[in-house]
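# Report on the structure
This is what each chain is made of:
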Amino acid sequence: MITIHRTKPIVDTGDKSVRLSKAEHLLITTLGMMDCHLIPTDLLIETVLEGRVSARTDASVLQIKISRLRKKIGRNFVENRRGLGYQLTEVIQFTGGLA
């Protein structure tokens, strides 16, 4: 089980507690809110990147952010459905802050 802190960029994977960047925290929170359901790549780009990069590089930037997140929390927690989107593979629990 993954525990995501709502107000601090911290995730607990059960084995370790990991500090995340703001973008990584937003990414895993967005994925976590969908409770292991697939989130389309376009929606993640819109939510996480907030239109800060060009359309040409959006998918590449998202892949880099997901790669960095996987290095911190473990590769098996985020799954890619090629051409469709991403999803978390573990049950999510949120802690801290308001629901």
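As a starting point, this report considers the structure included with it.

How each quantity is defined
Residues numbered from 1 in each chain as written. Predicted model: local features only at pLDDT ≥ 70, side-chain atom pairs only at ≥ 80, totals over all residues. Heavy atoms only, no water. Buried < 20%, exposed > 50% of the residue type's maximum accessible area, 1.4 Å probe, protein only. Helix = DSSP H or I, 4+ residues; strand = E, 2+ residues; numbered from the N terminus. Arc of directions from axis to C-beta. Contact = heavy atoms within 4.5 Å. Core = buried A, V, L, I, M, F, W, Y, C linked by side-chain atoms within 4.5 Å. Expected span 1.5 Å × (residues − 1). Pairing = 2+ DSSP bridges. Axes fitted to C-alpha atoms, helices over the stretch in contact; angles between N-to-C directions.

### So, helix H2 (residues 41-49)
Among all positions in H2, only Leu 44, Ile 45, Val 48 and Leu 49 are buried. Along the axis of H2, the buried residues cluster in a sector spanning 100°; they form a single face. More than 90 degrees from the buried face of H2, the exposed residues found are Asp 42 and Glu 46. Considering only its buried residues, H2 is in contact with helix H1 (22-33), strand S4 (39-40), helix H3 (58-73) and strand S6 (85-88). Immediately downstream of H2, the backbone of Glu 50 shows phi near 50°, a positive value.

### What about the nonpolar core?
Leu 27, Ile 28, Leu 31, Leu 44, Ile 73 and Val 78 are the most contacted members of the largest nonpolar core, which totals 22 residues. Counting residues per element, the ones that place at least two in this core are strand S1 (2-5), H1, H2, H3 and S6. In this structure, Ile 73 is in contact with Val 11, Thr 13, Leu 20, Ile 28 and Val 78, ignoring residues within four places of it in sequence.

### Thoughts on H3
An ideal rise of 1.5 Å per residue puts 22 Å on 16 residues; H3 measures up with 23 Å between its terminal C-alpha atoms. Three or more residues of H3 are buried, namely Asp 58, Leu 62, Ile 66, Leu 69, Arg 70 and Ile 73. The buried side chains of H3 occupy one side of the element, clustering within an arc of 100° when seen end-on. Turning to H3, the residues buried within the fold contact strand S2 (10-12), H1, H2, strand S5 (78-81) and S6. In the segment just after H3, Gly 74 is the residue with positive phi, at about 115°.

### What about the sheet that holds S2?
Pairing is mixed across the open sheet formed by four strands, whose spatial order is S3-S2-S1-S7. This sheet does not close on itself; its edge strands, each paired only once, are strand S3 (17-19) and strand S7 (92-95). Shown here is a sheet whose adjacent strand axes are inclined to one another by a mean of 25°, direction ignored. The pairing of S1 with S7 spans four bridges and is parallel. Bridge pairing links Thr 3 to Gln 93 in S7. H1 rests against S1, S2 and S7 of the sheet, and its axis sits at about 120° to S1.

By themselves, these are just geometric observations and shouldn't be taken as functional.
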